[in-house]
Amino acid sequence: MSRRVVRQSKFRHVFGQAAKADQAYEDIRVSKVTWDSAFCAVNPKFLAIIVEAGGGGAFIVLPLAKTGRVDKNYPLVTGHTGPVLDIDWCPHNDNVIASASDDTTVMVWQIPDYTPVRNITEPVITLEGHSKRVGILSWHPTARNVLLSAGGDNVIIIWNVGTGEALLSLDDIHPDVIHSVCWNSNGSLLATTCKDKTLRIIDPRKSQVVAERARPHEGARPLRAVFTADGKLLSTGFSRMSERQLALWDPNNFEEPVALQEMDTSNGVLLPFYDPDSSIVYLCGKGDSSIRYFEITDEPPFVHYLNTFSSKEPQRGMGFMPKRGLDVSKCEIARFYKLHERKCEPIVMTVPRKSDLFQDDLYPDTPGPEPALEADEWLSGQDAEPVLISLKEGYVPPKHRELRITKRNILDARPPAGPRRSQSASDSPLSEEMKALRERVQAQEERITALENMLCELVEGTD
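Cut-offs applied
- Positions within a chain are numbered from 1, following the residues in the order the chain's sequence is written.
- Local features in a predicted model are, by the rule used here, given only for residues with pLDDT of at least 70; side-chain atom pairs are given and counted only at 80 or more, and totals for whole chains, interfaces and linings are based on all residues.
- Derived side-chain values reflect all non-hydrogen atoms in the structure, with water molecules and hydrogen atoms excluded from consideration.
- Helix and strand labels come from DSSP, where a helix needs a run of H or I of at least four residues and a strand needs a run of E of at least two; each type is numbered from the N terminus.
- For this measure, only C-alpha atoms enter the radius of gyration; the expected value for a globule follows 2.2 Å times N^0.38, where N is the number of residues.
- Buried means the residue's accessible area, taken with a 1.4 Å probe over protein chains only, is under 20% of the maximum for its type, while exposed means over 50%, and partly exposed covers the values in between.
- Salt bridge, as applied in this entry: a Lys or Arg side-chain nitrogen positioned within 4 Å of an Asp or Glu carboxyl oxygen.
- The pairing criterion is simple: DSSP has to find at least two bridges between the two strands.
- For every element, the axis is a line fit to its C-alpha atoms; helices are fit only across the contacting stretch, and the angle between N-to-C directions ranges from 0 to 180 degrees.
- Two cysteine sulfurs form a disulfide in these notes if their separation is within 2.5 Å.

Caption draft 1: Highlighting the overall build of the protein chain. For the protein chain, the helix and strand inventory stands at three helices and 32 strands. Since a compact globule built from 463 residues should have a radius of gyration of about 23 Å, the 24 Å found for the protein chain is in line with a globular shape. Judged by the C-alpha coordinates and their principal axes, the protein chain covers about 100 × 55 × 40 Å. Here the protein chain holds 463 residues, and the buried ones make up 49% of them.

Right, dumping it as structure tokens:
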């Protein structure tokens, strides 16, 4: 008589649990824009959600601790003239977030540690280069201030946020709308999916396609793809019979998938959230009321179904907390922020353990907030793995760090001082007026900065 051997895995009993009602964020008017982004971004300090806003686009930023009902007059981040389609927190500065909009611009914002008294309307910098709406944002995992944006003009632009200039523009690779873009672990390659039903691996600095696979999923609906820790690719899509699928690919052999899992016949696009520390991929479908999760291993069948977290209400979007924002004392290995129509609800994934001690096997060293490279070093061809930190003592987010911008564009260059300027121009009443106005503006900016620093110190003092 043969006995079925159960596969050994420390993640076999991972279970999901919705937070208590008082831990949710209530009365938030989540955006109704029909766009397949997560609509939510989270880091160890803040929760950001794209919201409905009259006369343009906006998102709300809440400190993680500010649970419960959100005041309807709570300040928003407003500045876009069209709906906001995607938001992404900078991995190297917890106070910096980028937003992409229907108005063709990307804006980068500095979020203060204290609660502002009115809407934040002035971005640190506005990045203009796309000719159609911008729907995808992704920060570089290891290089400081490097941000990727993809737009409806089928162009990917990689920016240096610190200078406001476009480092690279990939404008002749995608013949149709780009559905998803993902960096690999050290940021040397990109994986993209496109409406032409092709999965591509791109070397952005050479502007060339390294490998591609036409029709990784036979269905007509959008694809998504993410890199795994060992350089393989996970893709989600639809079969010819409209069944949702998860596939694992080896880029060195794109002919056949390493593994293929079929799910159900729902219409919602599956958003994959991959955790490289545990090699678990979580699939959250827009309009679904469940989160499925699978473990990726080196042994056949390679993709192992673990479990499904189910709830009653469908999700409008989903935020995924970086590993350094989790509670290691409770063996929490993932935390999602599920968007409903009027609220956001945390969902915690936990590995059941009896011991209260730090579980080394669940928490290997994980990417921290320090960048491994500067933007210029990455552009010149250098690659570096993320700078890792230990979570043994728990993670405390660093205090407010300013994003410094040194613009290099020609419009910002001021006329040179000294004898090279013509006497008549410098003595004209208009230039004197401009000079006086500039000095007044500078004095006001210094006053505002001083007041903000005082507020920060007061907030830290009360904490």
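From this point, the narrative continues.
Caption draft 2: Geometry of the pattern of salt bridges. Per the counting criterion, the structure on display carries 20 salt bridges. Between Asp-102 and Arg-133 there is a salt bridge, with the nearest N and O atoms lying 3.4 Å from each other. Linking Asp-102 in the loop between strand 9 (96–101) and strand 10 (105–110) with Arg-133 in the loop between strand 11 (125–128) and strand 12 (134–139), this pair joins segments that are 31 residues apart in sequence. Since its relative accessible area comes to 32%, Asp-102 is described here as partly exposed. Exposure remark for Arg-133: the relative accessible area of 34% places this residue in the partly exposed category. Across the pair Asp-327 and Lys-330 runs a salt bridge whose closest N-O atoms are separated by 3.8 Å. For Lys-330, a relative accessible area of 59% translates into the label exposed. Three or more residues are tied together by salt bridges with common partners; here these are Arg-244, Asp-264, Asp-288 and Arg-292.

Caption draft 3: Inspection of the sheet that holds strand 3 (residues 40–42) at higher detail. The strand order across the open sheet built from four strands is 3-4-5-7, with neighbouring strands paired in antiparallel fashion. Looking at strand neighbours, the two that pair on one side only are strand 3 and strand 7 (77–80), the edges of this open sheet. Ignoring which end each strand starts from, the neighbouring axes of this sheet average 20 degrees apart. With six bridges connecting them, strand 4 (residues 46–51) and strand 5 (residues 57–63) associate as antiparallel partners. In the strand pairing of strand 5, Leu-47 is matched with Leu-62.

Caption draft 4: Looking closely at the state of the cysteines. Scanning the entire structure with this criterion turns up zero disulfides. Cys-182 provides the cysteine sulfur closest to Cys-90, a residue in no disulfide bond, and the two sulfurs are 17 Å apart. Not engaged in a disulfide, the cysteine Cys-284 finds its nearest cysteine sulfur in Cys-40; these two sulfurs lie 11 Å apart. A relative accessible area of 2% places Cys-284 in the buried class.

Everything listed here is a matter of geometry and, on its own, says nothing about what the molecule does.
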